[in-house]
Amino acid sequence: MAVLPKPRGPLSEALIAALVCGSVEAIAVRPGSSEDAALTLWTLYEMSYRGYDGVDDRLEFEPELVRVRRELEDDLERRLRERWPGRPSYDDGFAAAFFAMIEADDGPSLARFVQREATAEQAIELLQHRSLYHLKESDPVALTLPRLPAAPRAALAELQYDEYGGGRPERLHAHLFAEGMAALGLDATEGGYVDEAPVEVLEQNNAMSLFGLNRRLRGASVGHLAAFEATSSLPCRKMAQGLERLGFPQEIREYYEEHVEADAVHEQLAARLICEPLIAAEPDTEDDVWFGAWTCLDLESRIARHLLERWDAA
Ligand SMILES: [Fe+2]
Ligand SMILES: [Fe+2]
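Conventions adopted
- Every residue gets a number counted from 1 within its own chain, in the order that chain's sequence is written.
- Chains carry letters from A onward and ligands carry numbers from 1 onward, assigned in written order.
- In keeping with the predicted nature of the model, local features appear solely for residues at pLDDT of at least 70, side-chain atom pairs appear and are counted solely at 80 or more, and the whole-chain, interface and lining totals rest on all residues.
- The side-chain values count all of the structure's non-hydrogen atoms but skip hydrogen atoms and water molecules.
- Where helices and strands are cited, they refer to DSSP runs of H or I of at least four residues and of E of at least two residues respectively, numbered from the N terminus.
- One less than the residue count of a helix, multiplied by 1.5 Å, gives the span that helix is expected to have.
- With a 1.4 Å probe rolled over the protein chains alone, any residue whose accessible area is under 20% of its type maximum counts as buried; one over 50% counts as exposed, and the rest are partly exposed.
- The arc in question is the one traced by the directions running from the helix axis out to the C-beta atoms.
- In what follows, residue pairs with any heavy atoms lying within 4.5 Å of each other are defined as contacts.
- Any Lys or Arg side-chain nitrogen located within 4 Å of an Asp or Glu carboxyl oxygen qualifies as a salt bridge.
- Listed donors are limited to N, O and S atoms within 2.8 Å of the metal, widened to 3.2 Å for Na, K and Ca; water is not among them, so incomplete-looking sites are possible.
- We call a set of buried residues a nonpolar core when its members are Ala, Val, Leu, Ile, Met, Phe, Trp, Tyr or Cys and they connect through side-chain atoms within 4.5 Å of each other.
- Per the annotation, domain bounds derive from an automatic or database assignment of domains.
- Two parts placed together each lose some accessible area; with a 1.4 Å probe, that loss summed over both constitutes the buried area.
- Under this scheme a four-donor centre is tetrahedral when all angles range from 85 to 135 degrees, a four-donor centre is square planar and a six-donor centre octahedral when opposite donors are above 155 degrees with the rest from 65 to 115, and any other centre is irregular.
- Any two of the Phe, Tyr and Trp rings considered here, Trp counted by its six-membered ring, make a pair once their centres fall within 6.5 Å; the pair's planes then place it as stacked at under 30 degrees, edge-to-face at over 60, or tilted in between.
- Here, a charge over a ring means that NZ of Lys or CZ of Arg falls within 6 Å of the ring centre while also lying within 35 degrees of the ring normal.

Next up on the list: helix α1 (residues 10-21). For α1, which comprises 12 residues, the first-to-last C-alpha distance of 16 Å matches the rise-based estimate of 16 Å (1.5 Å per residue) to within 8%. Taken residue by residue, α1 has Leu 11, Ser 12, Leu 15, Ile 16, Ala 18 and Leu 19 as its buried positions. Projected down its long axis, α1 shows its buried positions confined to an angular sector of 160°, all on one face. Opposite its buried face, α1 presents the exposed residues Val 20 and Cys 21, each directed more than 90 degrees away. The elements touched by buried residues of α1 are α2 (34-46) and α3 (63-83). Following α1 by one or two positions, Gly 22 has its phi on the positive side, about 85°.

Spelled out as structure tokens, the structure:
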């Protein structure tokens, strides 16, 4: 179970109070800031994963909370779509154009920074921010599984089988990350570091839940997955090298080492056997596959810029 965050404004304050007392009156306040909005949406989404200790699980579909969630996610989706430049034109099939977009991505790299120069403190801070996602790794896109036609559904199940440990709970990727956190003496509770997360990290997590929880956005969900996997293998090698340079324990390096090979396979699966067949079976999803993929790169580069600027390393 996740831990309820500390409010960051009037809307998250009203929501958290309602969750704790269990009776929901009309929530009439507006978000006080983009952080307040992002944290409120994150808190609502967690109700659809593991929920919170002491919070009634039935509130997941409480109409007033669904209304608030819809307003916040409509606003997030509108902003994400406004940023997106649109899909490239291409003739040679999705996968070739997709890998060309990944190749052309020149956003700043946190993994390169950790590999070469991050201090132990900076690396710990990054792991804390990453824990928001890695402790429930693959869960958002798992929600997309039943919404896909047969061929991409089978391929996504194959990919997820790896993410969820191939039948071995101790190999679950989220569990590997939790072991790494514990070996560093960090809190491995889901959402344990949400109070420290900047708005960019909250939005990255919210975008994955938005895409995973809404069937109409299944294209964006698998597009996001493909871009995530395709930008993981080499950066994970750099992370593992950086954590070794800093003398971090084997457990946390192992999480990254596991992804060097796994994600080199996953990126091929995601692009060629999930996205491409989805577009072939349901051509209406094509734009959203690109939208999801581009949004993945954009949200990651916003986090990287934010942290590197704060660390004076940009
Ligand atoms: Fe993974
Ligand atoms: Fe993966």
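Resuming the write-up.
This part is about the pattern of salt bridges. This structure, assessed with the given rule, holds 28 salt bridges. A salt bridge links Arg 8 to Glu 35; its shortest N-O distance comes to 2.6 Å. Highlighted residues: Arg 8 in the segment before α1 and Glu 35 in helix α2, separated in sequence by 27 residues. Using a relative accessible area of 33% as the deciding quantity, one classes Glu 35 as partly exposed. Arg 171 is the partner of Glu 258 in a salt bridge, and the nearest nitrogen-oxygen pair spans 2.7 Å. Taken together, the positions of Glu 258 in helix α13 (residues 250-281) and Arg 171 in the loop between α8 (150-163) and α9 (173-183) put the pair 87 residues apart, joining distant regions of the chain. Arg 171 gets classed as partly exposed once you look at its relative accessible area, which sits at 21%. Several salt bridges converge on common partners, so that one network encompasses Asp 75, Arg 78, Arg 79, Arg 83, Glu 203, Asp 298 and Arg 302.

A few words now on the coordination of the iron ion (ligand 2). Taken together, the protein ligands of the iron ion (ligand 2) are Glu 163 (OE), Glu 229 (OE), Glu 229 (OE), Asp 263 (OD) and His 266 (ND1), with distances of 2.1 to 2.6 Å. Taken as a pair, the iron ion (ligand 2) and the iron ion (ligand 1) show a spacing of 3.8 Å, with Glu 163 coordinating each metal. One end of the pair, Glu 163, is in helix α8; the other, His 266, is in helix α13, and 103 residues separate them in sequence. The two residues Glu 163 and His 266 agree in class, both being buried.

Bringing the nonpolar core into the picture now. In this structure, Phe 98 and Tyr 256 are the most contacted members of the largest nonpolar core, which totals 98 residues. Two domains each donate at least three residues to this core, and these are domain 1 (10-82) and domain 2 (89-310). Residues contacting Tyr 256, with those up to four places away along its chain left out, are Leu 127, Arg 130, His 134, Phe 177, Cys 236, Met 239, Ala 240 and Leu 243.

A few words on the domain arrangement of the chain. Split by domain assignment, the chain resolves into domain 1 (10-82) and domain 2 (89-310). Taking only C-alpha atoms into account, the centre of domain 1 sits 24 Å from that of domain 2. Counting residues at the interface gives 18 residues for domain 1 and 26 residues for domain 2. Roughly 2000 Å² is buried in total at the junction of domain 1 and domain 2, and carbon and sulfur atoms are behind 59% of that figure. Per-residue buried area on domain 1 facing domain 2 is highest for Trp 42, Tyr 49 and Leu 80; these three make up 33% of the total on that side. Linking domain 1 with domain 2 are 6 salt bridges, by the criterion used here. Between Glu 203 and Arg 79 there is a salt bridge; the shortest N-O distance is 2.9 Å. Among the elements that make up the side of domain 1 that touches domain 2, the one with the highest residue count is α2 (8 residues).

Time to look at the coordination of the iron ion (ligand 1). Taken together, Glu 137 (OE), Glu 163 (OE), His 173 (ND1) and His 259 (NE2) make up the full set of protein donors to the iron ion (ligand 1), lying 2.0 to 2.2 Å away. Taken together, the 4 donor atoms surrounding the iron ion (ligand 1) define angles of 82 to 168° at the centre, an arrangement classified as irregular.

This brings us to the packing of aromatic side chains. The tally for this structure, following the rule as stated, stands at 10 aromatic pairs. Between Phe 94 and Phe 98 the ring centres are 5.4 Å apart and the planes differ by 20°, which places this aromatic pair in the stacked class. In this pair, Phe 94 and Phe 98 are both assigned in helix α4 (residues 94-104), 4 residues apart and thus about one turn of the helix distant. Owing to a relative accessible area of 4%, Phe 94 belongs among the buried residues under this scheme. We classify Phe 98 as buried; its relative accessible area is 0%. Measuring from ring centre to ring centre gives 5.0 Å for Phe 94 and Trp 290, while their planes differ by 65°; the resulting arrangement is edge-to-face. In this pair, Phe 94 sits in helix α4 while Trp 290 sits in helix α14 (residues 286-310), placing the two residues 196 residues apart along the sequence. Just as Phe 94 is buried, Trp 290 falls in that class too. Three or more aromatic residues joined by ring pairs form one cluster here, namely Tyr 90, Phe 94, Phe 98, Phe 99 and Trp 290. Lying across the ring of Phe 291, Arg 81 places its NZ or CZ 4.2 Å from the centre.

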